[in-house]
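Okay, here's what each chain looks like letter by letter:
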Amino acid sequence: MSDYLPEEVVLEILHRLPVKSLIRFRCVSKSWNSLITTPAFINSHLTRSHSLLSNSNKLIVRHCLDKPYVEHYKLIDDSNDSFDQIQNIELPLTSRRIQHFRLIGSANGLFSLFEQERFILWNPSIRKFITLPKPCITVKAHGRLTCRPAFGFDPRTNDYKVVRIAFPSEEAKPPLIEAYSLNEDSWKLTSASFPLGIGFSDWHRPAASLGGAVHFAVYDKDNHSPLILSFDLGDEVFRLMSLPNCAFSWSNIQTSVIGGSLSLLFYDDRFVANKCCAIWVMKEYGVVDSWTKLLTVDFNKEIIGVLCLQKNGNILVEAKLPSDWELSSYDPKSQHVKSLGICGRPHYFHVDNFVENLVLLDKPNDAVSKRGACRKRKCRLTSNKEICQLQEAKHLLQEILQHASVYELQLDIIHQQQTIIHQQEAILLPLQEAILHDGRALQLQEALLYELETILQQQTEKIATLISQIEIMETAESKLVFLIQRLKGQAEVETMLQQKTEKMTSLKSQLEKMDTIKSKLVSLIQQFKGQAGEMFSGVGDQSSTQVQQRSSSAGQEM
Amino acid sequence: MSNTSENPKPSSSSAKMTLKTSDNELFEVEEAVAMKFCTVKQYFEDEKDSDVAARGSTTVIPLPNVHSAVLATLISYGKKLPQSNAVADNHEEEETKKKERKKYEQGLLKNLMPGELLDLISAANYLDFKEGLEFFNQALADHIQNKSVEYVRKFFGIKNDYEPHEEEKYREEYAWAFEGVDED
């Protein structure tokens, strides 16, 4: 069995995994991490996400709760009527100057938020946000501005863009336009010229992003006829689209995307008792005659805003309850409004189709930057006498002007010092990290040394026990040797004893033989004696002496 | 494999091919199924061009990188796919076939050990069997989707080249991604 799979097969498998698994599997190895974080993979994973059936019924709902001021992003399963909540993710950021961030718009599950001149991109799929660099058009540089922002996705370059159309306070001056590109990570002023005689009908609600362009609801200042102004994110060109004749010249128009088509929401609040909203859809993009009315939402004093179309044909709306504002579902047939249990700040709700997206994964993590406190200028005016008042006022004005110019200089110096401090911080941070890193490395080495010490100790102990064992064995050995020697000695003694006993037995047997011979001789001697006696009686002395001689010689022979 | 249809026309490929696996087992396969293995198809077309052997029936195509058990599974999966040369079924027949295939697929996956998936994917990649790759890649993705990092390393035989403190830092930062993971 081969454990090695070629890279293109591993990529195929990774493409089929949900975002949560991919974030976790970045940890598997460095090569998997680099596979997952390439822009090419992020883009192709998004393309697949779009085509997955499991994603086509998901909605993401943004709602803002007060005290504490937290933004919530809820993932909703819209496949049936139950509007089930799959997940709730909080934005890990709070606005510093206003209570909630303002939403610019959303695209492909990525959200763009801002407060004053601080812009943020937030991806709830991977729970990551980045702060954009400072824009080119600022109050400091250009004076007071009224700004219309927009956010969209350009599929031709796989780029997300934030657009700002800034009108200076002087009416006559044309607006300045800049765009931020995520791929470039920078703001650039555009040379595009905003069409003359056009004003925005809607300044705050998200501009519809479709087909690589953002669409604004505008009106012709001469005849008040409503129009759609599109800004193409690719070639950065403004285009005007007219609306059909039956369109109404209400001032309250919002652009949106419904069912993949550009749509307009005409808020009709001419009559307080009878507010409603007509939803129109442009079935064929660019064809004016293809505008068709989808339906009208009757507000019925409950509803304050229209958000999105649900899969089952209902409309998601912002509705007012006795104590709160809530996301609700409006049934166009019955005109019944059903509460969905998601409360929040009015006009801060937003609903969009959700798709899992890895975008921002390859961007560096955001470091929260510190901002200088803003100062408040105070002016003093004193008055004493009428004539002197004026003179003094004049003097004071002159002084104030002088102070103002000095103050501006000081501000500049302070800004410079701030940037220097930032730079120093930037230098210090890596040093700190290096020290920490070294500290950790030292700790690791210490731990290793300690381990080695304990191992050494154990080994010396082992050696000591082994030595004592060897000693024991040596004494045992010497004892054995001694025993063996003793045994040997005993054995020798035994053999000697054996020999002696053998000798004794042989001697014994010899003695016995001698005894038998002796007894025989004795019997012989007796016989001879007997015979000799007989002979004595007969023969006389000769034979007895002969017999005596014979017996004595026999005795001598013995 | 014959389909019931209004105008039965002779199936252009009752021809069979023989495939030989790494353990020297021979598999006789219908041309229609074997052609789904693009590597085999390429080999066959090369053979035809070079005019070396007679059509199909005597050629034995060697597959030295594929084991017999794996090839058996791939062939049986290939048989269940809609055949490119089959007469088009009406909608009903298509639906029933789809259901049958789904049932077969579920049964196949149930009896498969996770380790076998790797072999099947390797073999399908070698054979350039697109539908098989698609199916088994998805099955493997579904299998590992909720598994832990250690399981995945062990499964693919991947060595962890991260320092312990790097890994620790990452796990802390993205703690939410490590929740609710299957026990190993």
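Treat the numbers as computed from the prediction; the structure is a model and nothing was measured. All residue numbers refer to position in the chain's written sequence, counted from 1. Following the order in which they are written, the chains are lettered starting with A and the ligands numbered starting with 1. In view of the model being predicted, local features appear only for residues whose pLDDT reaches at least 70, and side-chain atom pairs are presented and counted only at 80 or more, with totals across whole chains, interfaces and linings using the full set of residues. The basis for the side-chain values is all heavy atoms of the structure; hydrogens and waters are excluded.

(A) Quick peek at the overall build of chain B. Secondary structure assignment for chain B yields eight helices and three strands. Relative accessibility thresholds used throughout: buried, under 20% of the residue-type maximum; exposed, over 50%; partly exposed, between the two (1.4 Å probe, protein chains only). In chain B, which comprises 184 residues, the proportion classed as buried is 37%. Within chain B, contacts between residues separated by at least 24 positions form 65% of all contacts whose residues are at least 6 apart in sequence. Working definition: helices are DSSP H or I runs of at least four residues, strands are E runs of at least two. Numbering for both runs from the N terminus. Residues are treated as being in contact if the distance between any of their heavy atoms lies within 4.5 Å.

(B) Just the pairing of strand E14 (residues 213–220) of chain A, in detail. Residue and element names in this part refer to chain A. Extensive coverage of E14 is indicated by the burial of seven of its eight residues. At least two DSSP bridges between two strands are required for those strands to pair. Note that strand E12 (residues 198–200) and E14 share three bridges and pair antiparallel. Paired with isoleucine 198 across the two strands is aspartate 220, which belongs to E14. Here strand E13 (residues 208–210) pairs with E14 via three bridges, running antiparallel. The residue of E14 that forms the bridge with serine 209 is valine 214. The antiparallel hairpin formed by E13 and E14 contains two residues in its connecting segment, where glycine 211 sits at a positive phi of about 60°. Alignment of E14 against strand E15 (residues 226–232), held across seven bridges, turns out to be antiparallel.

(C) Quick peek at the packing of aromatic side chains. Residue and element names in this part refer to chain A. Each Phe, Tyr or Trp ring (for Trp, its six-membered ring) is paired with any other whose centre lies within 6.5 Å, and the angle between the two planes then decides the class: stacked below 30 degrees, edge-to-face above 60, tilted in between. Within this structure, the stated rule accounts for 29 aromatic pairs over all chains. Between the aromatic rings of phenylalanine 167 and phenylalanine 200, the centroid separation amounts to 5.9 Å while the plane-to-plane angle is 85°, which identifies the pairing as edge-to-face. With a gap of 33 residues between them, phenylalanine 167 in strand E9 (residues 159–168) and phenylalanine 200 in strand E12 connect regions that are remote in the sequence. Between phenylalanine 200 and phenylalanine 216, the aromatic rings sit 5.3 Å apart at their centres with planes inclined by 70°, giving edge-to-face as the arrangement.

(D) Up close: the confidence of the model for chain B. Residue and element names in this part refer to chain B. With 83% of its residues at a pLDDT of 70 or more, chain B shows a mean pLDDT of 80. As a per-residue measure, pLDDT tells how confident the predictor is, with possible values from 0 to 100. Across residues 1–13 the pLDDT falls below 50, and counting only partners more than four positions away or on other chains, this stretch makes 14 contacts in the model. On the interface metric, ipTM, the complex scores 0.83, and its pTM is 0.68.

(E) Examining the packing of helix H6 (residues 130–144) of chain B against helix H7 (residues 149–156) of chain B more closely. Residues and elements named next belong to chain B. With axes taken as lines fitted to C-alpha atoms, and helix axes fitted only over the stretch in contact, angles between N-to-C directions fall between 0 and 180 degrees. It is at 11 Å that the axes of H6 and H7 come closest, and there the two elements cross at 145°. From H6, Leu140, His143 and Ile144 reach across to H7, where they touch Tyr151, Val152, Phe155 and Phe156. Each residue receives one of three labels: charged for Asp, Glu, Lys and Arg, nonpolar for Ala, Val, Leu, Ile, Met, Phe, Trp, Tyr, Cys and Pro, and polar for the others, Gly being one of them. Looking at the contact of H6 with H7 residue by residue, the class counts come to six nonpolar, one polar and no charged.

(F) Examining the sheet that holds strand E2 (residues 70–77) of chain A more closely. All names here are of chain A. Taken together, four strands build an open sheet; the order of strands is E3-E2-E1-E25 and the sheet is antiparallel. Either end of the sheet is taken by a strand with one partner, and the two such strands are strand E3 (84–90) and strand E25 (350–353). When strand polarity is set aside, the average angle formed by the axes of neighbouring strands in this sheet is 25°.

(G) Spatial organisation of the side chain of His350(A). Residue and element names in this part refer to chain A. Looking at where histidine 350 falls in the secondary structure, it is placed in strand E25. For histidine 350, a relative accessible area of 12% translates into the label buried. Looking at histidine 350, its side chain comes within polar contact range of the side chain of serine 106, at 3.0 Å. Here histidine 350 is in contact with Ile60, Val61, Arg62, Leu103, Ser106, Phe111, Pro206 and Leu307, once residues within four sequence places are set aside. Residues adjacent in sequence count toward polar contacts only when both atoms are side-chain atoms; beyond that, a polar contact is any pair of N or O atoms within 3.5 Å, and within protein one must be able to donate a hydrogen and the other to accept it.

(H) Spotlight on the sheet that holds strand E2 (residues 26–30) of chain B. All names here are of chain B. Across the sheet, which stays open at both edges, the three strands sit in the order E2-E1-E3 with mixed pairing between neighbours. Looking along the sheet, the strands with just one partner apiece sit at the ends: E2 and strand E3 (60–62). The sheet shows a mean angle of 35° between the axes of neighbouring strands, direction not considered. Contacts between helix H3 (residues 68–80) and the sheet are confined to strand E1 (16–20) and E2, with E2 contributing the most and set at about 10° to the helix.

(I) Structural context of helix H4 (residues 91–110) of chain B. Over its 20 residues, H4(B) runs 29 Å from end to end, which matches the ideal 28 Å to within 8%, given 1.5 Å per residue. Buried residues along H4(B) sit in contact with H3 and H6 of chain B. Multiplying 1.5 Å by the residue count of a helix minus one yields the expected span of that helix.

(J) Summary view of the interface of chain A and chain B. In this complex, chain A contributes 33 residues to the contact, which on the side of chain B involves 39 residues. Note on terms: buried area is the combined drop in 1.4 Å-probe accessible area of two parts once they are placed together, counting the loss on both. Between chain A and chain B the total buried area reaches about 3,200 Å² when both faces are included, carbon and sulfur atoms providing 60% of it. Its largest share of buried area at the contact with chain B, chain A owes to Arg16(A), Arg24(A) and Cys27(A), together 22% of the area lost on that side. One speaks of a salt bridge when a side-chain nitrogen belonging to Lys or Arg is within 4 Å of a carboxyl oxygen belonging to Asp or Glu. Viewed at the interface, chain B and chain A are joined by one salt bridge. Its salt-bridge partner being Glu134(B), residue Arg16(A) comes within 3.4 Å of it at the nearest N-O pair. The interface formed by chain A and chain B contains 14 residue pairs in polar contact (both at pLDDT 80 or more). Put simply, the parts of the chain that give the side of chain A that touches chain B at least two residues each are helix H1 (7–15), helix H2 (19–25), helix H3 (30–37) and helix H6 (386–538) of chain A. With five residues, H2(A) is the single largest residue contributor to the side of chain A that touches chain B. Split by residue class, the side of chain A that touches chain B holds 14 nonpolar, seven polar and twelve charged.

(K) Here's a closer look at the pattern of salt bridges. Residue and element names in this part refer to chain B. One pass over the structure, following the stated rule, counts 20 salt bridges over all chains. As a salt-bridge pair, lysine 16 and glutamate 30 come within 3.6 Å of each other at their nearest N and O atoms. With lysine 16 in strand E1 and glutamate 30 in strand E2, this pair connects stretches of sequence that are 14 residues apart. A relative accessible area of 35% places lysine 16 in the partly exposed class. Glutamate 150 is the partner of arginine 171 in a salt bridge, and the nearest nitrogen-oxygen pair spans 3.1 Å. Taken together, the positions of arginine 171 in helix H8 (residues 164–173) and glutamate 150 in helix H7 put the pair 21 residues apart, joining distant regions of the chain.

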